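Secondary and tertiary structure notes
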Amino acid sequence: MALMVVKFDLKKRVKLAQTVWFMYWFAVLAGILVLSLGLFFKVELRKRSELMDNNESHFLPNLLIFMGLIACGINAFGGKVCYDSLDPTKFVKWKPMLKPFLAFCVVFNALLFVTALLCFVMRIPLQFTLAEGLRNGMKFYKDTDTPGRCYMKRTLDLMQMEFRCCGNDNYRDWFEIQWVSNRYLDFSAKEVKDRIGSNVDGQYLMDGVPFSCCNPGSPRPCIQLQMTNNSAHYSYDHYTEELNVWKRGCRDALLSYYGGIMNTIGALVVLVTMLEVAVTVGLQYVNSSLSTLANPEDIESESEGYLLEKTVKETFTDVMAKMKAMGKGGKVEEGGEEAVATVS
Amino acid sequence: MTLLKMKFNQQRRVRLAQGLWLMSWVAVMCGAFIFCLGVYLKTELLRRAEVMDNTEIHIVPNILMMVGLASIGTNWVATRVCQDSLDASRFPRWKVLLLAWFAVAALLCCLLLAVVVLSYALQGRLEESLKEGLRNGIRFYKDTDVPGRCFQKETIDHLQMEFRCCGNNNFKDWFEVQWVSNRYLDFTSQEVKDRFRSNVDRRYLLDGVPFSCCNPASPRPCLQYHLTDNAAHFNYDYHAEELNLYNRGCRRALIDYYMGLMNSTGPGVLSVILIQMTVLLSLRFLQTAVEGAMALENPEDESEGYILEKGVKETFEDVKAMVLSMLKFAQVDASEVQPAAEDPEKADETTEKAASPTPASS
């Protein structure tokens, strides 16, 4: 019993072929969209790879680019087949390829759906990469004279200004590391010696933050240094002060930025998957309607189109049997050779 | 002597009409492009309206938007004319409109040229406007509690960070203004009292700048305060330090930005003028060729197309005469009323004169 049978006359077949051809062109554009989304995401990751220790995984954007290219290819091919399906002479040369092509399309659609799911799931590894990268980045803030790390200060400053964030979790992260280079510290001054002596690692720690943490929306000029000392500034209470520096941590800010990008890409890939499924179903109907012509010589005769030749269960058992046969075919050949070897 | 006479057979006329139809649609797109350009320029100017003192420069985007819309309409009319030009029954109704169309199209080209000229000519006015606006912005930086000015600080900070500039001409502008609000100054402290007394206007002036002047590319953490005091910071020389703060003034930065915008749109506008002129001239050729063909016995025959029926000078004289005659017609109307009033008297006189000799003759 065929699945979802629909009767087709010539007019209906022509209309179906035209519609599916049209949809295939949209699907080509959708493939280009997936490709460009992958490229965009790759560029965005590259832009801030310094903040992620150059450790970030490019698996997802590469996968998107790959799927986009394949989608463009199979959709263009499918469109050509649909265009030729109206001409029986041209369609004949495509006919033998169609069944494996459709099977490949089904597999491709499943992979595309998996890609969409990955877009939503890959947020979690990204979170860990960001946390690690930012922590290391802050450690190298002062190393503006070390080759390879001399741009870390500028990168971090620009990032904190752009994303309106400070530190990893919050601004207090800056209190725990030395972010002033030793070149600008007067080691003969008592204050410097006290600070360096106050901790085990001999680091110049202070309760201050870089200028890029400052919030322009604050009504008073930015208080960067001696932040925990209320008496150092007039009319200042560091417990109630909210607008002075950015309150958000940069890990949260970057994660929500990249998370937004990935969610959007995931939603768009789901839509593209639905379009791909629709065109695959359409092509299956075109193929089946042209194979079941009541009178093969007369193209105007009626035909039936179906989704699956047998029911789902029977098709599944057929596929399993075929795969077993292929597996056994290999084994039979080996057994035959052994038998031949033993005989001789 | 006709100007630029060309022969057109039927096939050439058809080709001209088709080509012109396509060209007119391109010109419609160009009109839309000009409109979008005007909108973009206007939004960019409005975004920084707070640091501009006057809105004289807004005439450039305003003209662009107007011309863009007018150009869309005008060129759409041209496409309709092209479609009707090969149909002898429908073409005559455009006859009167075409004269007005040519005038409007020429006016649009002149306006676009004026825009290009204005965008260079108004640079000085823009600079003045920015100078005054930035000066006020810096003066009111501290007034975060005064309604109407409470966002000046945020505006100026964002401006300095985005355009990588500091102050009006350079960072020393901040030394001359009190940019710390009185609410955050401890008036009991000796330092504050000294600073207040050090100048005539009793302002808290310091040799420091806001944080938004800081340059992230500097290798050392930003030095904002005691900038002129070399002893206040380790390993610091005020005269040799270049990367600590932004060196550029915000006025120069903004002028460069806006001039860059207008310069980059220059070639686009000039090419749109070219396209519009091409459409204008081609439509004139089409009009004269089709009208010539319609006047022939066999409309499929060859006809002549030209730009002007007579030479430039003669056409100019003709137009002048027409305008004068229109003016004279208006004058003659006024003077005809008086002679009509005098005429009955003159008629009476002549009848009297005619009447008087008759008794003599009889």
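Treat the numbers as computed from the prediction; the structure is a model and nothing was measured.

Together, Glu-297, Glu-300, Asp-301 and Glu-302 of chain B line one region of the surface with negative charge. With respect to the helices and strands, the residue Glu-300 of chain B is situated in the loop between α7 (250–295) and β2 (303–305).

The next subject is the packing of helix α5 (residues 152–163) of chain A against helix α7 (residues 250–291) of chain A. Residues and elements named next belong to chain A. Between α5 and α7, the shortest axis-to-axis distance is 10 Å and the interhelical angle comes to 70°. Between α5 and α7, the interaxial angle falls into the category roughly perpendicular. The element α5 and its partner α7 pack so that their crossing is left-handed. The segment α5 lies against α7, with Met-159, Gln-160 and Phe-163 engaging Cys-250, Ala-253, Leu-254 and Tyr-257. Of the residues contributing to the contact of α5 with α7, the split by class is six nonpolar, one polar and no charged.

What follows is about the state of the cysteines. What we call a disulfide is simply a covalent bond connecting the sulfur atoms of a pair of cysteines. All names here are of chain A. One pass over the full model with this rule turns up six disulfides over all chains. What pairs with Cys-165 in a disulfide is Cys-250, and their sulfur atoms sit 2.1 Å apart. Taking the torsion about the S-S bond as the criterion, the Cys-165 to Cys-250 disulfide, at about 90°, is right-handed. Placement of Cys-165 in the loop between α5 and α6 (190–197) and of Cys-250 in helix α7 is noted, with a sequence separation of 85 residues between them. Assessed through its relative accessible area of 1%, Cys-250 is described here as buried.

Our next topic: helix α4 (residues 123–139) of chain A. Residues spaced three or four apart along an α-helix face the same direction, because each turn holds 3.6 residues. Residue and element names in this part refer to chain A. When the terminal C-alpha atoms of α4 are compared, their 25 Å separation across 17 residues agrees well with the 24 Å that a helix rising 1.5 Å per residue should span. Listed in full, the buried residues belonging to α4 are Leu-126, Thr-129, Leu-130, Ala-131, Gly-133, Leu-134, Asn-136, Gly-137 and Met-138. Structurally, α4 contributes buried residues whose contacts are with α1 (10–47), α5 and α7.

Looking now at the packing of aromatic side chains. Going through the model one piece at a time under the given rule, you end up with 24 aromatic pairs over all chains. For the pair Phe-77 of chain A and Phe-101 of chain A, a centre-to-centre distance of 4.8 Å together with 70° between the ring planes defines the contact as edge-to-face. Here Phe-77 of chain A, found in helix α2 (residues 59–84), pairs with Phe-101 of chain A, found in helix α3 (residues 88–121); they are 24 residues apart in sequence, far enough to count as distant. Measuring from centroid to centroid gives 6.0 Å for Phe-8 of chain B and Phe-285 of chain B, while their planes differ by 55°, and the two rings are tilted. Taken together, the positions of Phe-8 of chain B in strand β1 (residues 6–8) and Phe-285 of chain B in helix α7 put the pair 277 residues apart, joining distant regions of the chain. Following the ring pairs from residue to residue traces out a cluster consisting of Phe-41, Phe-163, Tyr-257 and Tyr-258 of chain A. Between Lys-12 of chain A and the ring centre of Phe-8 of chain A, over which it is positioned, the NZ or CZ distance is 5.7 Å. Over the face of the ring belonging to Tyr-204 of chain B we find Arg-195 of chain B, whose NZ or CZ atom lies 5.9 Å from the ring centre.

Now for the interface of chain B and chain A. Across the contact, 27 residues belong to chain B and 26 residues belong to chain A. Here chain B packs against chain A, burying approximately 2,400 Å² in sum over the two surfaces, 67% of which is carbon and sulfur. When residues of chain B are sorted by the area they lose upon contact with chain A, Tyr-184, Phe-211 and Pro-216 of chain B head the list and together hold 27% of the total. Along the contact surface separating chain B from chain A lie zero salt bridges. For the interface between chain B and chain A, the tally reads six residue pairs in polar contact (both at pLDDT 80 or more).

Moving on, we come to the confidence of the model for chain B. All names here are of chain B. Here chain B shows a mean pLDDT of 87. Residues at 70 or above account for 91%. Taken as a whole, residues 340–362 scores under 50 in pLDDT and shows one contact with residues more than four places along the chain or in a different chain. Scored by ipTM, the complex comes to 0.78, with pTM at 0.79.

On to the environment of Glu-44 of chain B, then. Residue and element names in this part refer to chain B. Summarising the element assignment, Glu-44 is placed in helix α1 (residues 10–47). C-alpha separation for the pair Glu-44 and Tyr-141, spaced 97 residues apart in sequence, amounts to 22 Å. Apart from residues no more than four positions distant in its own chain, Glu-44 is found in contact with Tyr-257, Tyr-258 and Leu-261. Engagement of the side chain of Glu-44 in a polar contact is seen with the side chain of Tyr-257, the distance being 2.4 Å.

With that out of the way, let us pick up unusual backbone geometry. Backbone phi values are negative for most residues with the exception of glycine, while trans is the configuration of most peptide bonds. Residue and element names in this part refer to chain B. Look at His-226: it is not a glycine, yet its phi comes out positive at around 50°. Along the chain, His-226 turns up in the loop between α6 (190–197) and α7. When its relative accessible area of 38% is taken as the criterion, His-226 is described as partly exposed. In this structure, Asn-235 takes a positive phi of about 55° despite not being glycine.

Scoring rules and cut-offs
- Residues numbered from 1 in each chain as written.
- Chains lettered and ligands numbered in written order.
- Predicted model: local features only at pLDDT ≥ 70, side-chain atom pairs only at ≥ 80, totals over all residues.
- Heavy atoms only, no water.
- Patch = residues over 30% accessible without salt bridge, like charges linked within 9 Å, V, L, I, M, F, W, Y side chains within 5 Å.
- Areas by Shrake-Rupley, 256 points an atom, 1.4 Å probe, with all protein chains shown as cover.
- Salt bridge = Lys/Arg side-chain N within 4 Å of Asp/Glu carboxyl O.
- Lys, Arg positive; Asp, Glu negative; His and termini not counted.
- Charge placed at Lys NZ, Arg CZ, Asp CG, Glu CD.
- Helix = DSSP H or I, 4+ residues; strand = E, 2+ residues; numbered from the N terminus.
- Axes fitted to C-alpha atoms, helices over the stretch in contact; angles between N-to-C directions.
- Parallel < 35°, antiparallel > 145°, perpendicular 65-115°, else oblique.
- Left-handed = near helix turned anticlockwise from the far one by under 90°.
- Contact = heavy atoms within 4.5 Å.
- Nonpolar A, V, L, I, M, F, W, Y, C, P; charged D, E, K, R; others polar.
- Disulfide = S-S within 2.5 Å.
- Buried < 20%, exposed > 50% of the residue type's maximum accessible area, 1.4 Å probe, protein only.
- Expected span 1.5 Å × (residues − 1).
- Phe/Tyr/Trp six-rings, centres within 6.5 Å; stacked < 30°, edge-to-face > 60°.
- Lys NZ or Arg CZ within 6 Å of the ring centre and 35° of its normal.
- Buried area = accessible area lost by both parts, 1.4 Å probe.
- Polar contact = N/O pair within 3.5 Å; in protein donor to acceptor, adjacent residues only side chain to side chain.
- pLDDT = per-residue confidence, 0-100.

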